Structures are given as C-alpha cells and as structure tokens.
Amino acid sequence: MSKTITELEEIARKCRVEIVKMVHRAQAGHPGGSLSEIDLLTALYATRMRVKADEPNWSDRDRFILSKGHASPGMYAILAEMGFISHEDLKSYRVLGGVCQGHVDMKWCPGVDFSAGSLGMGLSFGMGCASAARIDKSERRAFVMIGDGEMQEGSVWEAAMAAAHHELGNLKVILDRNRIQNDDFCKEQMRMFDIPAKWKAFGWNVKEIDGHNMAEIMEGLDFLEAPENCQGPSILIAHTIKGGGISYMENNPSFHGAAPNDEQFHQAMVELGEVEA
Amino acid sequence: MTRMAATRDGYGQALLDLADNEKVVVLEADLGKSTKSLHFRKAYPDRTISCGIGEQNMLLVGAGLAASGYIPFASTFAIFTERAFEQMRNGVARPNLAVHLCGSHGGTHTGTDGSSAQSIEDLAVFRTLPNVVVMHPCDDVSTRALTMQLPGLGKPSYMRTARNKTPVLYDGREDEIQIGKGVVLREGYDVAIISCGVLVSESLKAAEALAEEGINATVVDMHTLKPIDGELIDSLVAQCGALVTAEDHNVIGGLGSAVAEYIVSNSFAPLEMVGVPDRFGESGQADEMLEVMGISAPYIANAAKEAISRK
Ligand SMILES: Cc1ncc(C[n+]2csc(CCOP(=O)(O)OP(=O)(O)O)c2C)c(N)n1
Ligand SMILES: [Mg+2]
C-alpha cells in the first residue's frame, strides 16, 4: 500500500472534516484528541495495518486498540475512509442504536478491536492480543494508541513493565502527546517529567516525532516495524497539537470534550478548505 | 415552571459552603469540571489535591488524609470510582476512615457517552462494604443538604450524582433532608413507590398517571440506600400493602435489592422492582435511555399495578 505524503495529507484532511461534522451534529463528543491523533491514524491505517475492510473479523489481522476511546470520531473517520463503515454510518455518532457509539466499542462497530472508554486499559488488552499472536506463531501485531493524560493511570505502567518482561516485539504503542487532558494542560494536572526516559527505563524502544508531519510519521512507523525493534515492545512518542488543524481548538483545553457551535463549525469548514469563506 | 438542575451542581455548591471547615480537603482525578469540585479548586487551591487520571491513588491519598485528621472529598465519574473499589474496600472502609467519595454521571441517564460511562452497578458494589453509607439524591438541593452533613458522619460514604438536569423538588425544603431518612413526597394508600436519583421525578409522574386511573400512590425519595430506612418501609408496607422500587441502576443489587432484603425479614408485601434489566447501556439521549431501559414513568406505573394485583 504505497501512498504519497500528499495523498496521506488529503485523507487526513477529509477525516478532519468528518470529525468536526460528527461532533457538531451530535453537539457532544471529543474533537481535541481526535484531531491530534488523526494524522497518525491515517498513516497507520493507509500504509501499515494488515486488515481487510470486507472481512473485519479476519482472525490474523493486525489489531488496533484506541485506548483513549473518547477520541472515537478520529477512529470512525479513518474506518470510513478505509471502507469498514460507510460515511452514512458516521451520522450515527452518539445516536441511539448507532454503530458509532460515544466511545469506540467492538460490539457495535466493524473494525474496532477494543471496547474503550475507561482510560488505562488498552495497553494491557494489547499485550493480550500480542501474547495470543505469539502463541499462535502469527506475524500479526498489536498497535495501541494512548493519550498523555491516560499515561497517569497506574495500570499503563503495569502493562509497560509486563510487556517488556515478556519481550513482546509485536506490541507497538503510539503516544498522542498533545499536552492537554480533560480539565486542563497536563502540566497543571499532573507533571510527567521525562516521558521518553520513563519508557526507556521500563525497557521499551523509544522514538519521538512530530505527529503532524506526515514524512516524520512514516519514519516513526518504519521505526516501529524495524526488525531491530521487534525484539521487545516499542513506543512512538508523537508530539501533537490538541485540536490540531482548527485554529480556535488548537491548544485549547475547552475543546477536549465540547462541540463547536454553528458559527465555529462554519469557520472550521473554511479552514479545512471545504467551503469558501 | 419547575426549576431544573443537576445534582452534581448541588455537590459543587456544598463543597464551597463547607470550606469554612478548614479540615475539608478536595481530591480530583482530572474530572473536576464534570463533578463540579472545580469551584472549590479555584477558590481553595491549597486544599485541593490533583491526583491526575489516577483514581486508585486518589482513594488512598484520601485515606491517608482522613487518618491525619482531614475530611477528604474525592470525586470522579461514578464508573471510575469502581476502578478504585478495592482501595475503597481495604484502604478506606476496613479501617473506617471517613473519606467521602462522590461518583457523578451515574446511570444510563448520563446519555450519549455510552455504556462505558454509564455506571449501573456503583450503588450495588459500594452497598456491600461495611461502614460505608450510600446515597443517591434526586435534586441539587438535597444533594447539597446531604453533602453538608457528611463532615459530621464520622465514617466513609459514597454518593452518586447525575450529569443531567432533573426537576428540583426541595426548593426551600432542605431541612427535611437527613442522611438515612427517606422522604415521603406524596401520600397514597394503594401502593408505595420507593425511588432514588433521577427516577424520583419519574415516579412522581407515574403517581400522577395512576391517580387519573383512581390509584393513589405514595412516592418516597429514598436518597440513602444504606443504611436503609427500615422504619419508613415498615410504615409503607402497613399503609399500602404493595411496593415498587425505581432506580437508574441494575435491578440487581441496588435500591430494589436493599428494600427486598429488608422486607423479607421484616414486614412483608409484594414488591416490583423497576431498574436496568441486567444489561449494559448504549449511546442515547437521557430521556431515550430511560425508555430503552424500561425505567421511565409508564413502566413505573405498570409495575405499580402489577404490585397491587399481587396483594
Ligand atoms: C479511568 C478514566 N478516568 C477518567 C476518565 C475521564 N476522561 C475522559 S478523557 C480524559 C482526559 C484524557 O486525556 P488524554 O489521555 O491526554 O487524551 P487526549 O488528550 O488525547 O484527548 C479523562 C480524564 C476516563 N475516561 N477514564
Ligand atoms: Mg492529551
């Protein structure tokens, strides 16, 4: 699956449009963390994930675990781009009976591998998936996306320690380092000091990238897949901007979990090049 | 027009009102904007401890503070209090340390966040812990009144509040609220509807609908599930001879169970339990969820008729 940087950027732009539409339509949801993760999800799904949209439960597929499950609009947008669900399905976000539940849910949505919503659970689940792949002697991998606020949960570190102990080279984490959590900036809520050093100390291969630079993201994904980094677990620390791509949402904690009003929605569509100013 | 308000706002107001007591401290786990402890944090940053997104840590920090003479109020979503259940059990309840835990956004009524956020078992699990008082008030006034009484309680507590607005029932009547004492909101002699939280106003609606059919229902706000007000239940059994419980919680283990546990070994009457039918929720608007779960006013009214028919 080769795609040019420009093509990837265009997919990500379309996903951003869908993210904003979803939260605006629902007048609820989490745009900030969806926009910060979307370039990463785009590159991952469009160029790395071994999955089949027409066979979402294919047993030997790579797994993707959106541990920060509130950032579901980002995941739904890329699943629609990849053909797991339709663009029409995106209208069911937060609607009764819809496949696009408020938080990603494996019982409701094709292509979703983990029922998230409670932070700090996905990495342990990913370790389970990676362990199963190892026992099965399968080449499949488990990719886990976690948030930086999420990293404050103790269970993340239980999993981090265990995955390194078991040398799970097929377990790969992407950290969305957007520096904001629910109430405020991370540095106000809970300082995390030297994050790369922490993961290194836990026995992980670590690389830092700009999570909005498509070329750097591709290098980062190469790093995760490099044979020398498949002897143990690896993490890509992606520096991102919460709300990235929509000026008034960028670095704005209040758009962690709030929808744009009609005027803001229009402005977002202008900024994304969907409509004329 | 009935005033509408959310119980979590009553909690936030009470923390501010309690601040004069300099032993009161507030613990947060990155949800202060939602549980409404943020007002206290803004006014009293020195007495607010952010625990980041770490509920297990928060509960035991609370225990340490309580053991050092402080009165800690910790809050997060009801669902995430459950993550710290064993901390609450072994670190708080067992040594009987007066940590006051508040779980907001409880029940399916919390809405479109979906099943991961809709706690339907919090009341049940905390009810099983010795020493722990369990409450689920129905409006902001009673939530504030109950919270104001907690510093005098001397033991741990769990209180569930709700995300969304419901009708205010106690404006000017906060003196009637007392931990452990249910409140009779409406008198009737055919059936007693015992309810808590967001279903109290639904129960009042059900009673009105029943009245049109000539059935007179008592409606009780049982804001304290533990200790349950047995004296009141005895009198309801004597007066009505048929009971209904209504709660936005799994029908297993919550208010219905508390009432059933009481009546099987005391004065007995037929009981119908309205609650979430042992299933997980899903994304939907608050009022839609009450319909989907079968716990809105019409379901309560039907259960009342069923209970009466079993007299
Ligand atoms: C265990 C748990 N505690 C609290 C929450 C409530 N919550 C939802 S999102 C969020 C902030 C998450 O921040 P971060 O992980 O940085 O995500 P992002 O910035 O990517 O949105 C919080 C506290 C939760 N979902 N799970
Ligand atoms: Mg973040």
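Residues numbered from 1 in each chain as written. Chains lettered and ligands numbered in written order. Predicted model: local features only at pLDDT ≥ 70, side-chain atom pairs only at ≥ 80, totals over all residues. Heavy atoms only, no water.

**Quick look at the domain arrangement of chain B**
All names here are of chain B.
- One can read the domain layout of chain B as domain 1 (4-167) and domain 2 (180-309).
- A C-alpha centroid distance of 25 Å is found between domain 1 and domain 2.
- Of the residues lining the interface, 31 residues belong to domain 1; the matching set on domain 2 comes to 33 residues.
- In this assembly, domain 1 packs against domain 2 so that about 2400 Å² is buried in total across both faces, 59% of it on carbon and sulfur atoms.
- In this assembly, domain 1 and domain 2 are joined by one salt bridge.
- Counting every contact that joins domain 1 to domain 2 gives 18 residue pairs in polar contact (both at pLDDT 80 or more).
- Those elements giving two or more residues to the side of domain 1 that touches domain 2 turn out to be α7 (122-127), β6 (133-135) and β8 (166-167).
- If one sorts the elements of the side of domain 1 that touches domain 2 by residue count, α7 sits on top with four residues.
- Class assignment of the residues belonging to the side of domain 1 that touches domain 2 gives a composition of 14 nonpolar, 12 polar and five charged. (Domains from an automatic or database assignment. Contact = heavy atoms within 4.5 Å. Buried area = accessible area lost by both parts, 1.4 Å probe. Salt bridge = Lys/Arg side-chain N within 4 Å of Asp/Glu carboxyl O. Polar contact = N/O pair within 3.5 Å; in protein donor to acceptor, adjacent residues only side chain to side chain. Helix = DSSP H or I, 4+ residues; strand = E, 2+ residues; numbered from the N terminus. Nonpolar A, V, L, I, M, F, W, Y, C, P; charged D, E, K, R; others polar.)

**A few points about the coordination of the magnesium ion (ligand 2)**
Residues and elements named next belong to chain A.
- Those protein atoms acting as donors to the magnesium ion (ligand 2) are Asp148 (OD), Asn178 (OD1) and Ile180 (O), and they sit at 2.1 to 2.2 Å.
- Spacing between the donor residues of the magnesium ion (ligand 2) along their common chain follows D-x29-N-x1-I.
- Judged by relative accessible area, Asn178 falls into the buried class, the value being 4%. (Donors = N, O, S within 2.8 Å, 3.2 Å for Na, K, Ca; no water. Buried < 20%, exposed > 50% of the residue type's maximum accessible area, 1.4 Å probe, protein only.)

**A word on the packing of helix α2 (residues 31-47) of chain A against helix α3 (residues 72-81) of chain A**
All names here are of chain A.
- Contact pair α2 / α3: the axes reach a minimum separation of 9 Å and the direction vectors enclose 30°. The orientation of α2 with respect to α3, classified from their angle, is roughly parallel. Note on packing geometry: the crossing formed by α2 with α3 is right-handed. From α2, Ser34, Glu37, Ile38, Leu41, Thr42 and Tyr45 reach across to α3, where they touch Ser72, Pro73, Gly74, Met75, Ile78 and Leu79.
- Here the contact of α2 with α3 is composed, by residue class, of seven nonpolar, four polar and one charged. (Axes fitted to C-alpha atoms, helices over the stretch in contact; angles between N-to-C directions. Parallel < 35°, antiparallel > 145°, perpendicular 65-115°, else oblique. Left-handed = near helix turned anticlockwise from the far one by under 90°.)

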